[in-house]
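For reference, the chains in residue letters:
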Amino acid sequence: AFSIQNLLETKPKPVCVQQDSSAIEALSIMVDKDYSQLPVIGRDNKPVGIITYESILKAIRTFKASLEDLSTKRVMIRPVTSTPEEDLFDIFEKMKKLNAILVTTDKGSLTGILTSFDFTEYFRE
């Protein structure tokens, strides 16, 4: 069996933003690091959402607000989560909803993020 842990072994600790950060801060990190998504964590360092380019654009349109006026809490969407023990092949269905999965411990702490790019690279090797 192939577990998610196999993919996480070579990945660095995920870069995150707090839910009260500005949307500009989140977007800057995404652009600087060439990420298409970014986990959002609460005060307890547990994931509460994920930000994507699409979620930022949708929030600007929905709230009729400028990027400067938005916090990450207003632009984040519900994350898709999994545990390191889950089988790789069982999460493909989850990947249809969002191109990234937040991996959490059994206590809910964020331990990693996996994207469709990560899966492609893993299977290519």
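The structure under discussion appears in the preceding block.
Now for a description of the structure that goes with this document. Position labels on residues start from 1 in each chain and follow its written sequence. It should be noted that, the model being predicted, local features are given only for residues of pLDDT at least 70 and side-chain atom pairs only at 80 or more, the latter also being counted only at that level, while totals for whole chains, interfaces and linings use all residues. The side-chain values count all of the structure's non-hydrogen atoms but skip hydrogen atoms and water molecules.

### Some details on the pattern of salt bridges
Right, so step 1: A carboxyl oxygen of Asp or Glu within 4 Å of a side-chain nitrogen of Lys or Arg is what we treat as a salt bridge. This structure, assessed with the given rule, holds four salt bridges.
Right, so step 2: Notably, a salt bridge pairs K96 with E93, separated by 3.4 Å at the nearest N-O pair. Exposure class is identical for K96 and E93. Each is exposed.
Right, so step 3: Here R124 makes a salt bridge to E121, at a shortest N to O gap of 2.6 Å. Residue R124 and its partner E121 are both found in helix 6 (residues 116-124); the two are separated by three residues, about one turn of the helix. Each residue is placed in one exposure class: buried if its accessible area under a 1.4 Å probe, protein chains only, is under 20% of its type's maximum, exposed if it is over 50%, and partly exposed if it falls in between. Secondary structure is summarised from DSSP: a helix means a run of H or I of at least four residues, a strand means a run of E of at least two, and numbering begins at the N terminus for each.

### Topic: a nonpolar patch on the surface
Right, so step 1: Distance thresholds for patches are 9 Å for like charges and 5 Å for nonpolar side chains (Val, Leu, Ile, Met, Phe, Trp, Tyr), applied to residues having over 30% relative accessible area and no salt bridge. Surface accessibility follows the Shrake-Rupley procedure with a 1.4 Å probe radius. Residue values consider only the protein chains on display as shielding. A surface patch of nonpolar side chains, amounting to about 390 Å² of accessible area, comprises F2, F89, F92 and F123.
Right, so step 2: Structurally, the position occupied by F89 is in the loop between strand 4 (81-82) and helix 5 (92-95).
Right, so step 3: Accessibility expressed as a relative area gives 45% for F89, which makes it partly exposed.

### Let's talk about unusual backbone geometry
Right, so step 1: Positive phi values are uncommon outside glycine, yet N45 reaches one of about 65°.
Right, so step 2: Along the chain, N45 turns up in the loop between strand 2 (37-41) and strand 3 (47-52).
Right, so step 3: Accessibility expressed as a relative area gives 44% for N45, which makes it partly exposed.
Right, so step 4: Phi angles above zero are rare outside glycine, and K64 is one such case at about 50°.
Right, so step 5: With respect to the helices and strands, K64 occurs in the loop between helix 3 (53-63) and helix 4 (72-75).

### A look at the packing of aromatic side chains
Right, so step 1: Classification of ring pairs uses Phe, Tyr and Trp, with its six-membered ring standing for Trp, and accepts pairs whose centres are within 6.5 Å; under 30 degrees between planes counts as stacked, over 60 as edge-to-face, and the remaining range as tilted. According to the stated counting rule, one finds six aromatic pairs in the structure shown.
Right, so step 2: Aromatic side chains F89 and F123 sit 5.8 Å apart centroid to centroid with 40° between the ring planes, which places their arrangement in the tilted category. Residue F89 is found in the loop between strand 4 and helix 5, and its partner F123 is found in helix 6; the two are separated by 34 residues along the sequence.
Right, so step 3: With relative accessibility at 41%, the residue F123 sits in the partly exposed group.
Right, so step 4: By way of ring pairs, the aromatic residues F2, F89, F92, F119, Y122 and F123 are connected into one cluster.
Right, so step 5: Working rule: Lys NZ or Arg CZ, within 6 Å of ring centre, within 35 degrees of ring normal, means a charge sits over the ring. The ring of F63 has R74 sitting right over it, with the charged end atom 3.8 Å from the ring centre.

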